[in-house]
Amino acid sequence: MQVDETSIPDVKLITPRRFGDARGWFSETWNAGAMAAVGLDFAFIQDNHSLSVPAFTLRGLHYQAPPYAQTKLVRVARGRVLDVAVDVRPGSATYGKWVAVELTSCIGEQLLVPKGFLHGFLTLEPNTEVLYKVDAPYNREADGSVRFDDPDLAIDWTVAHENMVLSEKDMNAPFLKSWKNPFGAAP
C-alpha cells in the first residue's frame, strides 16, 4: 500500500495495490499489521456502506462526539466522490482547515480521517457507493454535524449548492461559530 500525507499531515491518502489479470483485479484494502508498521494502528470495529442515487448528493459534515469519536477509512466501491475532512481539534495547528480529495472506484484510493475531524463527501456520479471502516460504534446521542457551506470554512465543493441533494439534517446543521465543539474549546 502507498501511504501519502495530505496538506493536513494526520489525514492520509492510502492507495492499495491492485493485482490484475484477464479476470479483473484483486486488492487488499486493509492489513492491520502492514498499517501498524507505518504508524497507522487502528482497531476498526464496524464497516458502513452507503448508496447515493443522484449525482451531487452531499453527506456531511458529520462527526461522532467523544467518547464515541471515530477514525474513518473511506473508499468508493462504485463511482466518484469529493471527500472532505475538516480539522476541529482544539489546539491543532490546522484547526478549521480542510482537505478535499477525489476518491474513485477505478483507482481505489482511501482517505483516513482521524478522530477530531468533521467528515463529508459529495458524490460526483449517480449510483455512487461509499464504504468506510470506523474504530468506534455509532451512537445516536453522539451524532452531530456542522454546515457544509459554512463561510468560515469556505469549502470548495466544486458544485453550486443549489445543485446538491441534501438531507434535512445537513441543511439545518449549525454553523461553526454557533457550534459547541465536543472535542474541547476552540482556539
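Everything in this summary refers to the structure shown in the same document. Just so we're clear, the structure is a prediction, and the values are computed from it rather than from any experiment.

**Considering the pattern of salt bridges**
Tallied over the entire structure, the rule returns 12 salt bridges. As a salt-bridge pair, E129 and R78 come within 2.7 Å of each other at their nearest N and O atoms. Linking E129 in strand β12 (residues 128–134) with R78 in strand β7 (residues 72–78), this pair joins segments that are 51 residues apart in sequence. Of the residues examined, R78 reaches a relative accessible area of 39% and is grouped as partly exposed. Salt bridges here are not isolated pairs; linked through shared partners, they connect D10, D87 and R89.

**Section: the sheet that holds β7**
Overall, antiparallel pairing links the six strands, which are arranged β1-β2-β10-β7-β12-β5 in an open sheet. In this open sheet, the two edge strands, each paired with only one partner strand, are β1 (2–5) and β5 (46–52). Mean inter-strand twist for the sheet, computed between neighbouring axes without regard to direction, equals 25°. Direction of pairing for strand β2 (residues 12–15) relative to strand β10 (residues 110–113): antiparallel, over a ladder of three bridges. When the sheet's bridge partners are listed, L13 is paired in β10 with L111.

**Here's the deal with the sheet that holds strand β13 (residues 143–145)**
Spatially, the five strands line up as an open sheet ordered β9-β8-β11-β6-β13, and their pairing is antiparallel. Strand pairing shows two members of the sheet lacking a second neighbour, β9 (98–104) and β13, which therefore form its edges. Shown here is a sheet whose adjacent strand axes are inclined to one another by a mean of 30°, direction ignored. Sheet topology places strand β8 (residues 80–87) next to strand β11 (residues 117–123); seven bridges connect them, and they run antiparallel. Bridge pairing in β11 links D83 to F121.

**Observations concerning unusual backbone geometry**
Of the consecutive residues G60 and L61, the connecting peptide bond is found in the cis state with omega at 10°. Note on placement: L61 falls in strand β6 (residues 58–64). A cis geometry characterises the amide bond from P66 onward to P67, with omega recorded as 5°. Relative to the helices and strands, P67 resides in the loop between β6 and β7. In this structure, F56 takes a positive phi of about 70° despite not being glycine. Among the secondary structure elements, F56 is positioned in the loop between β5 and β6. By relative accessible area, F56 is classed as partly exposed at 30%. Even without being glycine, N127 reaches a positive phi, approximately 55°.

Cut-off values and rules
Residues numbered from 1 in each chain as written. Predicted model: local features only at pLDDT ≥ 70, side-chain atom pairs only at ≥ 80, totals over all residues. Heavy atoms only, no water. Salt bridge = Lys/Arg side-chain N within 4 Å of Asp/Glu carboxyl O. Helix = DSSP H or I, 4+ residues; strand = E, 2+ residues; numbered from the N terminus. Buried < 20%, exposed > 50% of the residue type's maximum accessible area, 1.4 Å probe, protein only. Pairing = 2+ DSSP bridges. Axes fitted to C-alpha atoms, helices over the stretch in contact; angles between N-to-C directions.

Don't take any of this as a statement about function, it's just geometry.
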